Structures are given as structure tokens and as C-alpha cells.
Amino acid sequence: MSKLSRTYLGITFLLMSIGWGTCLLFSAAGISLNDNKWLYVPYLFGGWSPTIASYLASRGGGQAADIKEWAKNIFDLRQPVLSYLTAAALAVIFILPKCLISGYERGAPVFAIVVMIPMMLFGGGLEEAGWRYILQPELEKTYSFPISTIVVGIIWWLWHLPLFYIQGVGQYGQNYLAFGIDVLGLSFALASIRKTTNSVWLCVLFHCIANSLSGIFVIKENIGGNVTAAAILILCSYVSIKVNEKTAVFSK
């Protein structure tokens, strides 16, 4: 693992431990985020740890001279329409099998997605400034695509662990194994987007759409749905990579 990756992960988990560790202490004392709104400060700080760490590690590792260059590398909005459609389609592919197999309850109204997607920039999407901007490509310099993706997925899964023990957050009391299966599928989808488009922004967008759809279609617990969705996402990811490789060959 490169020095940049180690620096990034060290900062990420340090900041996460400070933020979510504070929430865990209050949760252990029976105080949830719903009881004390000030707890949203350390909660959000922990959630933004991959983003903050991305900027700090990028500055130290020479990937970005300042915050303006860093933001430009993340928000590379000028992408082909087809790439945007692919990212959106993969997000739908993530949620659809779970809806069909596990069933769902209606959460927010469908039209709310217009508001939810930009909100999810700060509710998960900007994590990609770290996981897929730094960690995934750095690992791929040494390891194969599937190994790198699985390693990122495991780290991403472990990073989320405290949330399952903090009262008042969405993950509290949920099935951590089922979530891990989701993370594996999502990791392949995100890694394929990064590999085929070289765009961090499209990874951010995919993450925002997937989170938003999960708030509209609240999936019932059934691990079979998670396994099916992950398997389909992994398959689609490899198809996307192969199609991109063939297209690149023919365009030469």
C-alpha cells in the first residue's frame, strides 16, 4: 500500500474515531442523536472524515496544490451524457432487485429525489473524494482490479461499523452483514465507473442517487435481495469495463 493510501486511511479513521466515537459514548449512556441535536456535529464530522482526509492527504501527497485544484479534480462535471446515464442506470440496478425480491415500503415521495440527490452530497456522496479518488486508483497501481475493489469494499464496510451502534442514525440495529453485501456490490459499481470514465464526480453522483433511492424505497430485510443485487452489480460492472475496452480499441 502506498504512502498516500496509508496517510489517507490514517487521517480518515482518526477523524471518524473522534466524531463517531463521541456519538458512541453518548449512545452507550442512553443519549441518542434525537435526544441531543448537538450530537449531529460530531456525527457529521465523522461522516465527512473521508472527504477531509482526501484533501489533507492530497495536499501532502502532491495530488492537489490547494483546495481549488482538489475541488476541480473531484467535480469534473464535463462528462459524456452516456456516462451520466450509465451511473444513473447502475444506481437503479442496485435498488431494483432488492425491491422485487425483498419488498419495500414507501419512504419519501419519488419526486423528492430532485432535492435528495444534492442533499446526499453531504450525506454520503462526497465520501468518494476519498475512496474512489485516492484509495481505489492507488491500490490498482499494485493489485488487480478485483483485489483492489474488494479491499476498498472491506475498508469502507469497516469504516461504517460504528453507525450500527449509535442510537438515532439510520443504520442503528440493522443487519451489518447484509449491509456488507451491499457495500461489495456498490464497490464494484463505483470502481467500474472510476475505471471506465476516470471521473470522481460520476462516482459521487452514483452514490447520491443510490442513497436517495434507498430513502424513497425502504427495503425490507431479506439478505437474498442483497446478494442478488450485489451479484448483478458486479456482473454489470465487468460488462461495462469490457464494453469500454472494446469501444476504446475500435476508436483508435
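Residues numbered from 1 in each chain as written. Predicted model: local features only at pLDDT ≥ 70, side-chain atom pairs only at ≥ 80, totals over all residues. Heavy atoms only, no water.

(A) Region of interest: the layout of surface pockets. Of the volumes computed, that of the largest pocket is approximately 1300 Å³. Considered class by class, the residues forming the lining of the largest pocket number 24 nonpolar, 15 polar and five charged. Estimated volume of the second largest pocket: approximately 280 Å³. In terms of lining residues, the second largest pocket is bounded by 13 residues, among which Leu 82, Ser 83, Thr 86, Ser 240 and Asn 244 are the most central. For the lining of the second largest pocket, the secondary structure elements donating two or more residues are α5 (81-102), α9 (176-197) and α11 (223-251). A per-element tally of the lining of the second largest pocket places α11 first, with five residues. Grouping the amino acids of the lining of the second largest pocket by side-chain chemistry returns six nonpolar, seven polar and no charged. (1 Å grid on protein atoms, 1.4 Å probe; cavity = no way out; pocket = protein on both sides within 12 Å on 5 of 7 lines; lining within 4 Å. Points joined across faces, edges and corners; volume = space filled by probe spheres on them. Nonpolar A, V, L, I, M, F, W, Y, C, P; charged D, E, K, R; others polar. Helix = DSSP H or I, 4+ residues; strand = E, 2+ residues; numbered from the N terminus.)

(B) Structural context of the confidence of the model for the chain. For the chain, the mean per-residue pLDDT works out to 93, and 98% of the residues sit at or above 70. Taken element by element, the predicted model of the chain shows its lowest mean pLDDT in α11 (87) and its highest in helix α8 (residues 145-160) (98). (pLDDT = per-residue confidence, 0-100.)

(C) Focus on α9. The terminal C-alpha atoms of α9 lie 31 Å apart, and with 22 residues this matches the ideal 32 Å at 1.5 Å per residue to within 8%. Put simply, Asn 175 is the residue that caps the front of α9, since its side-chain oxygen is 2.9 Å from the backbone nitrogen of Leu 177. Asn 198 lies just past α9 and shows a positive phi near 55°. (Expected span 1.5 Å × (residues − 1). Polar contact = N/O pair within 3.5 Å; in protein donor to acceptor, adjacent residues only side chain to side chain.)

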